[in-house]
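The lines below spell out each chain.
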Amino acid sequence: MLSGELRAQIRHWFYAEHWKVGTIARQLGLHPDTVRHALETEQFNRAKALRPLVTDPYLEFIRQTLQQYPRLRATRIYQMIRERGYTGSVVQLRRVVARLRPVHQQPFLRLRCFPGEQGQVDWAHFGEVPIGRARRRLSCFLITLSYSRALYLEFFFDQSMENFLRGHVHAFQAWSGQPRILLYDNLRSAVLERRGDQIHFAPRPCQVRAGNQKGRVERAVLYVRESFWAGRTFTTLEELNRQALLWRDQIAHQRPWPDDDSRTVQQAFVEEQPRLLPLPAHPFETDLVLPIHVGKTIYLRFDLNDYSIPPRPHGHPLTLVASESRVRILDGGKEIAQHRRSYDRHQLVLDPAHQQELLEEKRKAFGSTPGGRLAQAVPESEALLDAAFARGESAGSQTAQLLKLLDTYGAAELRRAIQEALERNTPRASSVAFILSRRQRSQQRTALTPVDLSHHPELQSLDVIPHDLESYDELTDKHRKSEE
């Protein structure tokens, strides 16, 4: 029954604000028929006249046939009543068959589990989220203990085998133990193939079309959608998982325990936890391991993105190891690169050290050629060679001559000579050689050349007695007085 206040609100929105019936129903969480009855108008509440249907003469025959053969298809009934004069379409008949077909509800016993005996596992899809230029499918890994209904949930960007195993490991670590049996609903991550009752890798799958056997995790998925996911905002996957675990501890585990509402799920879990199997000494490895080969660049492609590595020969085999947050590259057993994993697409994830190492190798290779050696020592030579080549000179011959001048005069002198040759617009190696020889002769004339006594050995033993400079001043004075 609607309260008077709510009925007045509905009438105000409809008559004053001119809201539609469907809008009011969605806003208040009511069925549209409930809103129509609250309006108390002849427009909505008058009895509708029922028109006769073309299937009416055959209703009793259809009802008796379905009681005898409950799973008989509508197309077969359509053929049977056409022989009896039916002129309508099979679409009309399907509506009638769906209404008259007996529904047999199979009864089930309530499953009871011992503490620590069983857990139930499932994936749940939560739409897509944009990550840069990529769109990733957001999935929730959910596992619940059948006895206490304790939950573990974690969101991933796909339902890969690595994330499936990673969810198990994280759940068991959070519980500090694991149940003896895990029940799956034939999801592909757990059941790769079924042949009768034989499967590959699954502790215990449900029977086909028997989801009731894992009803606890099915209800848990619905609970997560309604109590946690509805109206939730987040910016990163890490933030979403942080909010999920906070909701689990503060909301999900504090709800009444279904088997005894005087206790909470958390209290039931405290009772169940000591009965869980202990964890193994070493956690199960869940990283994705892929063999990979080096291409012509320093990048390796993984999951829509390119990650840099140190320079390696083309085709060199490496190993890529990817966790949920890191990407590592191994050369044998040695790690040569590590990056933060990107869930965007077409991203170049670069370590500047890898690029610098490549540039160093390129410089060494460039310096091993004659042109590279000249360009590294005298960068100005590139402009001179270009100008000489434009005038018809041989680039090889000009390079060879400049290398000889480099060995004879050094890089500093050659650089100044090339600059002068370019200023004089004479870009040839012969012009540079002339400038260098002229500069050398000029320097020789201005320099103080020592006396060579190698041809006069008798002078090498000559002793020169130095005189006091004041004696020269006295001689100068005597000479001046004699002239007076």
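Residues numbered from 1 in each chain as written. Predicted model: local features only at pLDDT ≥ 70, side-chain atom pairs only at ≥ 80, totals over all residues. Heavy atoms only, no water.

**Structural notes on the overall build of the chain**
In terms of regular secondary structure, the chain is built from 18 helices and 16 strands. Per-residue burial over the chain gives 34% buried out of 484 residues. In the chain, the proportion of contacts linking residues at least 24 apart, taken out of those at least 6 apart, comes to 54%. In the form shown here, the chain has an accessible surface area of approximately 31400 Å², with 53% of it arising from carbon and sulfur atoms. (Helix = DSSP H or I, 4+ residues; strand = E, 2+ residues; numbered from the N terminus. Buried < 20%, exposed > 50% of the residue type's maximum accessible area, 1.4 Å probe, protein only. Contact = heavy atoms within 4.5 Å. Areas by Shrake-Rupley, 256 points an atom, 1.4 Å probe, with all protein chains shown as cover.)

**Things to note about helix α10 (residues 237-250)**
A rise of 1.5 Å per residue sets the reference length of α10, with its 14 residues, at 20 Å; its end C-alpha atoms lie 20 Å apart and thus fit the reference within 8%. Every buried residue belonging to α10 is among Leu-237, Leu-240, Asn-241, Gln-243, Ala-244, Trp-247 and Arg-248, and all of these are buried. One side of α10 holds all its buried residues, which, seen down the axis, span an arc of 160°. (Expected span 1.5 Å × (residues − 1). Arc of directions from axis to C-beta.)

**Section: the nonpolar core**
By size, the foremost hydrophobic cluster in this structure holds 21 residues, and its most contacted members are Leu-138, Leu-142, Leu-153 and Phe-155. Those elements that provide at least two residues to this core are β1 (118-131), β2 (134-145), β3 (151-156), α9 (215-229) and α10. Per-element tally for this core: the top contributor is α9, with 5 residues. (Core = buried A, V, L, I, M, F, W, Y, C linked by side-chain atoms within 4.5 Å.)

**A look at the sheet that holds strand β13 (residues 317-322)**
With respect to topology, 4 strands assemble into an open sheet ordered β10-β13-β14-β15, the strand pairing being antiparallel. Two strands close off the open sheet at either side, each with one partner strand: β10 (288-293) and β15 (334-340). The average angle at which neighbouring strand axes cross in this sheet is 25°, direction not considered. Where β13 meets strand β14 (residues 326-331), 4 bridges bridge the pair, whose relative direction is antiparallel. (Pairing = 2+ DSSP bridges. Axes fitted to C-alpha atoms, helices over the stretch in contact; angles between N-to-C directions.)

**A word on the pattern of salt bridges**
When their charged atoms lie close together, side chains carrying opposite charge are able to pair. For the structure on display, the rule yields 20 salt bridges. Between Arg-136 and Asp-303 there is a salt bridge whose closest N-O contact spans 3.3 Å. Taken together, the residues span a long stretch of sequence, with Arg-136 in strand β2 and Asp-303 in the loop between β11 (299-302) and β12 (305-308) at a distance of 167 residues. Classification of Arg-136 as buried rests on a relative accessible area of 9%. On the basis of relative accessibility, which here comes to 24%, the residue Asp-303 falls in the partly exposed class. Salt-bridge contacts for Arg-439 lead to Glu-413; the nearest nitrogen and oxygen are separated by 3.6 Å. (Salt bridge = Lys/Arg side-chain N within 4 Å of Asp/Glu carboxyl O.)

**Comments concerning the layout of surface pockets**
Approximately 550 Å³ is the volume attributed to the largest pocket. Lining of the largest pocket is provided by 29 residues; of these, Phe-157, Leu-237, Glu-238, Glu-324 and Tyr-343 occupy positions nearest its centre. Elements supplying a minimum of two residues to the lining of the largest pocket: β1, β3, α8 (161-175) and α10. Here the residues of the lining of the largest pocket are counted per class, giving 13 nonpolar, 7 polar and 9 charged. (1 Å grid on protein atoms, 1.4 Å probe; cavity = no way out; pocket = protein on both sides within 12 Å on 5 of 7 lines; lining within 4 Å. Points joined across faces, edges and corners; volume = space filled by probe spheres on them. Nonpolar A, V, L, I, M, F, W, Y, C, P; charged D, E, K, R; others polar.)

**A few points about the side chain of Asn-241**
Examined against the element boundaries, Asn-241 turns out to sit in helix α10. What makes Asn-241 buried here is its relative accessible area of 14%. Here Asn-241 is in contact with Glu-154 and Phe-155, once residues within four sequence places are set aside.

**Some remarks on the pairing of β13**
Both β10 and β13 contribute to a ladder of 6 bridges, which runs antiparallel. Counted as the bridge partner of Leu-290 is Leu-320 from β13. Following β13, the chain reverses through 3 residues before pairing antiparallel with β14.

**Notes on the confidence of the model for the chain**
Low pLDDT marks stretches whose predicted atomic positions should not be read closely. Averaged over all residues, the pLDDT of the chain equals 83, while 80% of them reach at least 70. A low-confidence stretch, residues 191-202 stays under pLDDT 50, and its non-local contacts, those more than four residues away or across chains, total 20 contacts. Across residues 207-212 the pLDDT falls below 50, and counting only partners more than four positions away or on other chains, this stretch makes 8 contacts in the model. (pLDDT = per-residue confidence, 0-100.)

**Describing the side chain of Thr-55**
By secondary structure assignment, the location of Thr-55 is in the loop between α4 (42-45) and α5 (59-68). Among the residues examined, Thr-55 registers a relative accessible area of 2% and is labelled buried. Other than its neighbours up to four places away in sequence, Thr-55 contacts Tyr-86, Gln-92 and Val-96.

**Digging into helix α16 (residues 411-423)**
In this model, α16 (13 residues) spans 18 Å end to end at C-alpha, consistent with the 18 Å of a helix rising 1.5 Å per residue. Buried residues of α16: Glu-413, Leu-414, Ala-417, Ile-418, Glu-420 and Ala-421, and no others. In an axial view of α16, the angular spread of the buried residues amounts to 160°, which keeps them on one side of the axis. Remark: Asn-425 follows α16 within two positions and exhibits a positive phi of approximately 60°.

**Things to note about the packing of helix α14 (residues 381-390) against α16**
Running from amino to carboxyl end, α14 crosses α16 at an angle of 40°, the nearest separation of the two axes being 10 Å. Our classification of the angle between α14 and α16 gives oblique. For α14 against α16, the interelement crossing comes out left-handed. From α14, Ser-381, Ala-383 and Leu-384 reach across to α16, where they touch Ile-418, Ala-421 and Leu-422. Residue classes in the contact of α14 with α16 are distributed as 5 nonpolar, 1 polar and no charged. (Parallel < 35°, antiparallel > 145°, perpendicular 65-115°, else oblique. Left-handed = near helix turned anticlockwise from the far one by under 90°.)

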